[in-house]
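# Results of the structural survey
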Amino acid sequence: MTTPILLLNCGSSSIKYQVIDGDSEQVAASGIIQRIGQASGTLDHTYQGHDHHLDADFADHAAALDQLVKVFAEFGPNLDEVRAVGHRTVHGGEAFRSTVVIDDAVLDKLRELSPLAPLHNPPGIAGIEAARAVLPDVPHVAIFDTAFFATLPAEAYTYAIDKDVARTHAVRKYGFHGTSHSYVSQKVAEVLGRPYDGLNQIVCHLGNGASISAIRDGVAVETSMGLTPLAGLVMGTRSGDVDPGLHAYLGRVLDLDLVGVDDLLNKRSGMLGLAGATDFRDINSLIESGDADARLAMDVYVHRLVSYIGSYLAVLGHVDALTFTAGVGENDALVRSEVVTRLEPLGFWLDAEANAVRSKQPRVISRPGSPVTVLVVPTNEELAMARETMAAIGG
Ligand code: AMP
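Being a predicted model, the structure only gives us computed values, none of them experimental.

### Some points on the pairing of strand β8 (residues 140-144)
Buried residues dominate β8, accounting for five of its five residues. Neither face of β8 is left uncovered, since the one carrying H140, A142 and F144 and the one carrying V141 and I143 both have all their residues buried. One ladder, built from five bridges, connects strand β6 (residues 84-89) with β8; its direction is parallel. In the sheet register, R88 faces β8, and the bridge partner there is I143. Bridge analysis of strand β7 (residues 100-101) against β8 gives two bridges, and the strand direction is antiparallel. Looking across to β8, one finds that V100 is bridged to A142.

### Some points on the side chain of D21
Inspection of the secondary structure assignment puts D21 in strand β2 (residues 15-21). R83 provides the closest opposite charge to the buried, unpaired D21, separated from it by 7.7 Å. At a separation of 3.4 Å, a polar atom in the side chain of D21 contacts the main-chain amide nitrogen of T2. Excluding its chain neighbours within four sequence positions, the residues that come into contact with D21 are M1, T2, T3, P4 and Q26.

### Focus on unusual backbone geometry
Look at the link from G76 to P77: it is a cis peptide, with omega at 0 degrees. Its identity is not glycine, yet R35 carries a phi of approximately 65 degrees, on the positive side. In this structure, R35 sits in the loop between β3 (27-34) and β4 (42-47). Positive phi is not limited to glycine here, since S40 has a value of about 55 degrees. With respect to the secondary-structure elements, S40 resides in the loop between β3 and β4. Classification of S40 by relative accessible area gives partly exposed; the value is 48%.

### Points about the pattern of salt bridges
Taken as a whole and assessed by the stated rule, the structure comprises 15 salt bridges. Note that D320 and R194 form a salt bridge whose closest N and O atoms lie 3.8 Å from each other. Here R194 lies in the loop between α6 (178-192) and β9 (201-206) and D320 lies in the loop between α11 (292-316) and β12 (321-325), a separation of 126 residues in the sequence. Among the ionic pairs, D263 bridges to K267, the shortest N-O distance being 3.1 Å. Of the two residues, D263 and K267 are both situated in helix α8 (residues 258-267); the distance of four residues between them amounts to about one turn of the helix.

### Some thoughts on helix α13 (residues 333-342)
Listed as buried for α13 are V335, R336, E338, V339 and V340. Of the residues that open α13, the one with a side-chain oxygen 3.0 Å from the backbone nitrogen of L334 is D332.

Quick notes on the rules
Starting from 1, residues in each chain are numbered consecutively following that chain's sequence as written. Residues qualify for local features only when their pLDDT is at least 70, as the model is predicted, and side-chain atom pairs are given and counted only at 80 or more; totals for whole chains, interfaces and linings, by contrast, use all residues. Computation of side-chain values covers all heavy atoms of the structure but excludes hydrogens and water. Note on classification: 1.4 Å probe, protein chains only; a residue is buried when its accessible area is under 20% of the maximum for its type, exposed when over 50%, partly exposed between these limits. Strands are runs of DSSP state E lasting at least 2 residues, helices are runs of H or I lasting at least 4, and numbering of each runs from the N terminus. Pairing between strands requires that DSSP locate at least two bridges from one strand to the other. Positive charges come from Lys and Arg, negative ones from Asp and Glu, while His and the chain ends are left out of the count. Any carboxyl oxygen of Asp or Glu within 4 Å of a side-chain nitrogen of Lys or Arg constitutes a salt bridge here. The term polar contact refers here to a pair of N or O atoms within 3.5 Å; inside protein, the definition further demands a hydrogen-donor-capable atom paired with an acceptor-capable atom, and it admits residues adjacent in sequence only when both atoms are side-chain atoms. The contact definition used throughout considers only heavy atoms, calling two residues in contact when any of these lie within 4.5 Å.

In structure tokens, the structure reads:
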């Protein structure tokens, strides 16, 4: 390993990490710390094909990273060799349009942005602070979920609300999952052997969270997530789009405050709310067993997705490639088939046999001659983050 890069993805109670060699792009080590701030924490670490498991309580992100340092010292790799740390940062607001090297001023600005992403940015900041304490002598870099969508035109990112309220409180569409949409769309250009800036693309990132983007000539012009990652497609536990009037109505009939409604829409809605399950493997089993709620949930999910794709086709005028990625997009042939079959009249011709193949490789799943090429491309946000970190440190 010549340029080991440590990548951290800090959630409220977990830290996912990888060490990737920035030159060979090989993964050297990976792992996850779970249940931070709760009882019965765990740390799972993999290095050189060996898995290590540890049970311990971690009071906070700093304690978790202290433990991680000990695990690296005992099992490898050598943390002293790490050349930079890349931090996944959910919300860059209007301040950060691309990856930045973190200094105290950047941290202050990130703290200011926390109200925009109260669930996501505070744990990210805690992770940055803890990692800078543990590795003070290497550059730390923030990679933003929102950055890829900094190019959205004003007509796409502006909400039709009081313009002074919007300006004062930075209310606009930001978009999320940008690292994935960027990585996947560039991979599509590679697979098709065409220049990135000559392609119009629609990318469906369908994981537990889900979002879709429209990319014109290599520039993001639309996406389904908004001010927060609640907007757009139906997700595992998130509603996606609802009537904005729903908040006031539910507040009244359920006697909930706005935080209660937000909680309902973020944590108890989506596939969980409709079908009682978030994992599409469970939803598919329920559908097979004749469960009507699961069937309806799938129909709603597919209908929403098809509606967005149709809308983005209209926005772009012409689409070269439609791509599925993330947990559901990469693995669930049924979702892909239901979506693309409905789009057949619009020039998306599914190859049912190719769609049924299970693979970890990028692949085309449309028939030869299809006006739009349909693909499955596994996302790799850590690799994309490693590349961003390398670029930021001039590696
Ligand atoms: P992600 O957020 O990208 O990690 O995606 C996680 C989601 O992917 C899970 O909640 C499942 O719904 C879905 N998923 C993972 N593996 C499969 C599979 N083999 N078949 C269908 N869905 C899957």
